[in-house]
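Remarks on the overall topology
This is what each chain is made of:
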Amino acid sequence: MSKKLKAGILGGTGMVGQRFIALLENHPWFEVTAIAASPRSAGRTYEQAAGSRWKMDTPMPEAVKNIVVQNVNEVEKVASGVDFVFSAVDMTKEEIKKIEEAYAKTETPVVSNNSAHRWTVDVPMMVPEINPQHMELIPFQKKRLGTTRGFIAVKPNCSIQSYAPVLTAWMDFEPYEAVVSTYQAISGAGKTFLDWPEMEGNIIPYIGGEEEKSEKEPLRLWGELKDGAIEPAKTPVITSQCIRVPVLNGHTASVFVKFRKKPAKEELIQKLVQFQGLPQELSLPSAPKQFIQYLEEDNRPQIALDVDYCHGMGISVGRLREDTVYDWKFIGLSHNTVRGAAGGAVLCAELLKAKGYITGK
């Protein structure tokens, strides 16, 4: 690719915005040319606005340090300098809906990490390996918005990445019921231990709105496109509990599954390690070569050892064993701010670019 597409980051000073900045350093297709944030950050260089709050474990990229942060509310001005934007704004759900549509109406595609549009009927919510066909919603959305190239696409909740791909790999065996408990890192709340010292040595058995997302969003991923909308799947029915644990990065899931067809352990593992999707077929820059790895050791996956599998874009699974009440149970692990947030959105943008939905202005 001779010329990189110009990418803007909305909400670039927050944790997910910072993760976008870090992941896009030296990206072969995309270049960050604009960063927008709240009015209090606007007018300062990115280094001045975010430097003391930089939360990544890699240095701030030199290329963004002197970019002057713009006011995210100045939609036309920000949009004029980019081909598309990633959205990680920290606003109310209604404010996010409004501002993302405003950017789309400037003929600027929006790839969002936010939850506001996940249930908007004509907005695709995608894990690119699971449901790339949901891109076919975009023409319906453009018609509603009155745009020719502007649209919104979103990624799903971070915690479902640790088990929804696994259940997808096993669909041939017809899973119909699952019990999921997720143990979620503090970075999922945009925090570090410096920000949230009360989490050290602590567990909080509540994350607002998380359980509903964990139960419902996979069904939309598995849904069918009908008449310009997604009809969610009916099964597998999922019930969940979501717990905040004293870990910086990495969401772990403990999952129990019932199947209509009774698979052997070897068949389940084979489906996992062979599972790949369109990103792997297209060799997209951020796509893990092997999406799901299976670990045989009894004490894996572990966050300390496995959260960065495939640079945080892969899923790790272990402890697959028969259960006395359900058919099978397993442990899944995903990196919540890479695959589960910014990295998942970057992969979505790569897929949208590869399929001609994101182009240069």
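This text goes with the structure placed above it.
Let me sum up the structure you'll find in this document. In this text the structure is predicted, and so the values were computed from the model without any measurement. (Residues numbered from 1 in each chain as written. Predicted model: local features only at pLDDT ≥ 70, side-chain atom pairs only at ≥ 80, totals over all residues. Heavy atoms only, no water.)

**Comments concerning the packing of aromatic side chains**
By the definition in use, this model includes 12 aromatic pairs. Both rings, one in F84 and one in F86, keep their centres 5.1 Å apart while their planes meet at 75 degrees; by these two values the pair is edge-to-face. Considering the side-chain rings of F173 and F259, the 6.5 Å spacing of their centres and the 90 degrees angle between planes classify their relative orientation as edge-to-face. Of this pair, F173 sits in the loop between helix 7 (164–169) and strand 7 (175–184) while F259 is found in strand 11 (residues 251–259), placing the two residues 86 residues apart along the sequence. Given the relative accessible area of 11%, F173 is considered buried. (Phe/Tyr/Trp six-rings, centres within 6.5 Å; stacked < 30°, edge-to-face > 60°. Helix = DSSP H or I, 4+ residues; strand = E, 2+ residues; numbered from the N terminus. Buried < 20%, exposed > 50% of the residue type's maximum accessible area, 1.4 Å probe, protein only.)

**A few points about the pattern of salt bridges**
For the structure on display, the rule yields 16 salt bridges. One salt bridge in this structure joins K77 and E74, with 3.9 Å as the shortest N-O distance. For K77, a relative accessible area of 53% translates into the label exposed. According to the relative accessible area criterion, E74 is partly exposed, its value standing at 38%. Notably, a salt bridge pairs R144 with E101, separated by 3.0 Å at the nearest N-O pair. Of this pair, R144 sits in helix 6 (residues 138–145) while E101 sits in helix 5 (residues 93–104); the two residues are 43 residues apart in sequence, bridging distant segments of the chain. Residue classification places E101 among the buried residues on the basis of a relative accessible area of 19%. (Salt bridge = Lys/Arg side-chain N within 4 Å of Asp/Glu carboxyl O.)

**Digging into helix 1 (residues 15–23)**
Summarising burial for helix 1: 8 of the 9 residues are buried, a large majority. Where the residues of helix 1 are buried, they touch strand 1 (5–10), strand 2 (30–37), helix 2 (46–50), helix 3 (62–65), strand 4 (84–87) and helix 12 (338–354). (Contact = heavy atoms within 4.5 Å.)

**A look at the sheet that holds strand 1**
Here we have 6 strands laid out as an open sheet, ordered 3-2-1-4-5-6, and parallel in their pairing. Looking along the sheet, the strands with just one partner apiece sit at the ends: strand 3 (70–71) and strand 6 (152–154). Across the sheet, helix 1 lies against strand 1, strand 2 and strand 4, angled at about 160 degrees from strand 1, the strand it touches most. (Pairing = 2+ DSSP bridges. Axes fitted to C-alpha atoms, helices over the stretch in contact; angles between N-to-C directions.)

**A few points about the pairing of strand 7**
Bridge count for strand 7 against strand 11 is 8 bridges, and the pairing is antiparallel. Bridge pairing in strand 11 places V179 opposite F256. When strand 7 meets strand 10 (residues 237–244), the two strands line up parallel, connected through 8 bridges. Bridge pairing in strand 10 links Y183 to I243.

**Notes on helix 8 (residues 210–221)**
Under the 1.5 Å per step criterion, the end-to-end length of helix 8 is 16 Å for 12 residues, consistent within 8% with the ideal 16 Å. Along helix 8, the positions that sit buried rather than exposed are E210, S214, E215, E217, P218, L219, R220 and L221. (Expected span 1.5 Å × (residues − 1).)

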